[in-house]
Protein chains: 2
Amino acid sequence: MRPIKPIKPVKLDAKERILDVAEELFANASFASVSVRAVTAQADVNLSAVNYYFGSKQGLFHAVYVRRATLMNHERLHLLHMASEMAKASGEDVSLRDLINAILTPPIFWLYDEKQGYSVYIRFLARSYLEDANNLKDVLSQEVDVFDRFVPYFKKIKPNLTKEDIYWRIHFVMGVMHHTINHLHRIGLLSHNVCNGGDREEARDRMVDFCCNGF
Amino acid sequence: MRPIKPIKPVKLDAKERILDVAEELFANASFASVSVRAVTAQADVNLSAVNYYFGSKQGLFHAVYVRRATLMNHERLHLLHMASEMAKASGEDVSLRDLINAILTPPIFWLYDEKQGYSVYIRFLARSYLEDANNLKDVLSQEVDVFDRFVPYFKKIKPNLTKEDIYWRIHFVMGVMHHTINHLHRIGLLSHNVCNGGDREEARDRMVDFCCNGF
DNA sequence: TGGCGTTTGAAACATACGTTTTAAACGCTA
DNA sequence: TAGCGTTTAAAACGTATGTTTCAAACGCCA
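Description of the structure in this document. (Residues numbered from 1 in each chain as written. Chains lettered and ligands numbered in written order. Predicted model: local features only at pLDDT ≥ 70, side-chain atom pairs only at ≥ 80, totals over all residues. Heavy atoms only, no water.)

Structural notes on the protein's contact with DNA strand D
Alright, step 1. Close to DNA strand D lie 15 residues, the nearest being Y53 of chain A together with V36, R37, L47 and K57 of chain B.
Alright, step 2. Counting only the atoms of DNA strand D that lie within 4 Å of the protein, the sugar and phosphate share comes to 46%.
Alright, step 3. Within the side chain of R37 of chain B, an N or O atom sits 2.7 Å from a base nitrogen of DNA strand D.
Alright, step 4. One of the side-chain N or O atoms of K57 of chain B is found 2.7 Å from a phosphate oxygen in DNA strand D.
Alright, step 5. At the level of elements, α3 (48-54) of chain A together with α2 (36-42) and α3 (48-54) of chain B are the ones that each hand at least two residues to the surface near DNA strand D.
Alright, step 6. At three residues, the largest contribution of residues to the surface near DNA strand D is made by α3 of chain A. (Near = heavy atom within 4 Å. Polar contact = N/O pair within 3.5 Å; in protein donor to acceptor, adjacent residues only side chain to side chain. Helix = DSSP H or I, 4+ residues; strand = E, 2+ residues; numbered from the N terminus.)

A look at the interface of chain A and chain B
Alright, step 1. Counting residues at the interface gives 48 residues for chain A and 48 residues for chain B.
Alright, step 2. By the criterion of area lost to chain B, the three top residues of chain A are L130, W168 and F210 of chain A, representing 17% of everything that side buries.
Alright, step 3. One can count four salt bridges joining chain A with chain B.
Alright, step 4. Measuring nitrogen to oxygen at the nearest pair gives 4.0 Å for the salt bridge that ties E164 of chain B to R206 of chain A.
Alright, step 5. Listed by contribution, the elements that provide at least two residues to the side of chain A that touches chain B are α7 (137-157), α8 (163-183), α9 (186-190) and α10 (200-214) of chain A.
Alright, step 6. For the side of chain A that touches chain B, the leading source of residues is α8 of chain A, giving 17 residues.
Alright, step 7. Considered class by class, the residues forming the side of chain A that touches chain B number 24 nonpolar, 15 polar and nine charged. (Contact = heavy atoms within 4.5 Å. Buried area = accessible area lost by both parts, 1.4 Å probe. Salt bridge = Lys/Arg side-chain N within 4 Å of Asp/Glu carboxyl O. Nonpolar A, V, L, I, M, F, W, Y, C, P; charged D, E, K, R; others polar.)

Side note on the packing of helix α1 (residues 14-28) of chain B against helix α4 (residues 57-90) of chain B
All names here are of chain B.
Alright, step 1. At a minimum axis distance of 9 Å, the contact between α1 and α4 shows a crossing angle of 95°. Of the possible angle classes, the one that applies to α1 and α4 is roughly perpendicular. Every residue of α4 that contacts α1 at E16, I18, L19, D20, A22, E23 and F26 is listed here: L60, F61, A63, V64, R67 and R68. (Axes fitted to C-alpha atoms, helices over the stretch in contact; angles between N-to-C directions. Parallel < 35°, antiparallel > 145°, perpendicular 65-115°, else oblique.)

What to know about unusual backbone geometry
All names here are of chain A.
Alright, step 1. Positioned with a positive phi, D44 is a non-glycine residue whose angle comes to about 55°.
Alright, step 2. Relative to the assigned elements, D44 resides in the loop between α2 (36-42) and α3.
Alright, step 3. We classify D44 as partly exposed; its relative accessible area is 48%. (Buried < 20%, exposed > 50% of the residue type's maximum accessible area, 1.4 Å probe, protein only.)

Considerations on the packing of aromatic side chains
All names here are of chain A.
Alright, step 1. Inspection of every chain in the model, using the stated rule, returns 29 aromatic pairs over all chains.
Alright, step 2. When the ring of F61 is compared with that of F124, the centres are 5.2 Å apart and the planes differ by 55°; the resulting orientation is tilted. Of this pair, F61 sits in helix α4 (residues 57-90) while F124 sits in helix α6 (residues 118-128), placing them 63 residues apart in sequence. Across this residue pair, the class does not change: F61 and F124 are buried.
Alright, step 3. Centre to centre, the rings of W168 and F172 are 5.7 Å apart; their planes meet at 45°, and the pair counts as tilted. Remark: F172 and W168 occur in helix α8; sequence separation between them is four residues, near one turn of the helix. Note on accessibility: W168 and F172 belong to one class, buried.
Alright, step 4. Site record: aromatic cluster; members linked through ring pairs are F26, F31, F61, W110, Y118, Y121 and F124. (Phe/Tyr/Trp six-rings, centres within 6.5 Å; stacked < 30°, edge-to-face > 60°.)

Some points on the relation of the copies chain A and chain B
Alright, step 1. Take chain A, turn it by 180°, move it 0.0 Å along the axis, and it overlays chain B with an RMSD of 0.1 Å. The superposition operator between the copies reduces to a two-fold rotation axis. Considering only C-alpha atoms, the part of chain A nearest the rotation axis is G214 of chain A, at 2.1 Å.
Alright, step 2. A shared interface surface links the copies, since 100% of the contact residues of chain A are contact residues in chain B too. (Least-squares fit on C-alpha atoms with pLDDT ≥ 70 in both.)

Things to note about the environment of H192 of chain A
Alright, step 1. Among the secondary structure elements, H192 of chain A is positioned in the loop between α9 and α10.
Alright, step 2. Once residues lying within four places of it in the same chain are set aside, the contact partners of H192 of chain A are V144, D148 and Y167 of chain B.

Notes on the protein's contact with DNA strand C
Alright, step 1. Around DNA strand C sit 15 residues, and of these V36, R37 and K57 of chain A together with Y52 and Y53 of chain B come closest.
Alright, step 2. Close to the protein, within 4 Å, the atoms of DNA strand C belong to sugar or phosphate groups at a rate of 46%.
Alright, step 3. A distance of 2.6 Å separates a base nitrogen of DNA strand C from a polar side-chain atom of R37 of chain A.
Alright, step 4. At 3.4 Å from a phosphate oxygen of DNA strand C is found a side-chain nitrogen or oxygen belonging to N51 of chain A.
Alright, step 5. At the level of secondary structure, the elements contributing two or more residues to the surface near DNA strand C comprise α2 and α3 of chain A together with α3 of chain B.
Alright, step 6. Ranked by residues supplied to the surface near DNA strand C, first place goes to α3 of chain B with three residues.
Alright, step 7. Grouping the constituent residues of the surface near DNA strand C by class yields six nonpolar, six polar and three charged.

Limitation: the analysis is restricted to geometry and does not speak to function.
Written out as structure tokens, the structure is:
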């Protein structure tokens, strides 16, 4: 039933298409409930392609993760760096708001980014936190490294807090973020459609406000 | 180390044992990755029992939920009621801390309750938030009803907040809670074992502090 | 004790899954 | 064009799954 076949097929790489589809499906359902067949069918690719390119279903999952993992944490560190430079120039400390901003802005802005598929990735990432920890050891360790870079700044602003306090509060900030990401659509139900969560600046600012005060 | 064994074999109902095991397995892994066979084997029950008692695997999942669902929300409303009575007696408003407390204390205390299996249920509940929304329509609506009872109290304490503000902040409080429940073990990794998250009062108080300030 | 509704036991069924296999088709370089 | 490594195609394999079946065992009440 195909129409006239074009000379050059305007298709992305099969590998890339598989990653896109897998990202989307894994973002919306658990690892076990997403079948390789569903991925390959939706990516318009042969069933064996997944095992060919990625070795296994697990390999595919991991590949989806690593494709964009470091980029987001680099964005965080970049925001931290910029805030640090600005503060240095004006002779002040980095503000608490800057720190929270640097942690929350990349994921929440990605969440609303429809074009490049980052939105899907963020939901994928948030969901994958609940999968078996084996798949995600390197996910964790990378994020831990990033937050370690933030701790001294928190400590400088709030010298009376212990490291324990700071870790707990970073943990809560992550909680606000993950829950917002996973259940953003639910704010409508909770509020009887008073809130809609459609504006990324609003969501970001509300989260940042809440977390700054919480800290 | 049980004392003398009574004459009647002290086995729980098969039905109850299935629910206990399913609760535990569903708390630790996704719906699709938990097999009926794993449940029945661990519950020391025949394979067909699940379909006999609950009709289907989905039915079992739903039964696990409904077994303790209303109780927790009743505890929340009870705490709200008590705080309201105390406040009335002293002629004051219910404090913000009382409200946050009433929302967070039941789940977080259940989380640390080893004896009655409530701990497992709380993790089951938090995880089930990420499963397909179809299974959980009544979960949501019940929780929404409970929080609606809280809104007027928030409004009275913070009259300058809009309803929208309040719903967003309740949403964030839930985020802190769910993330803490799902990733409590992770606070150790994040903090390089500075924090351990072993004390329910500490966890509760830290969450309440954070959320009170955030509000 | 006898009878009957309820519960359990063991096996089988049909299906969906991840993975493997084998050969054909493709794309590039010599 | 010939040759060869890479990619795709289609089918099959073995296994695990949810569910059904049907007879045996049980528990209770007359």
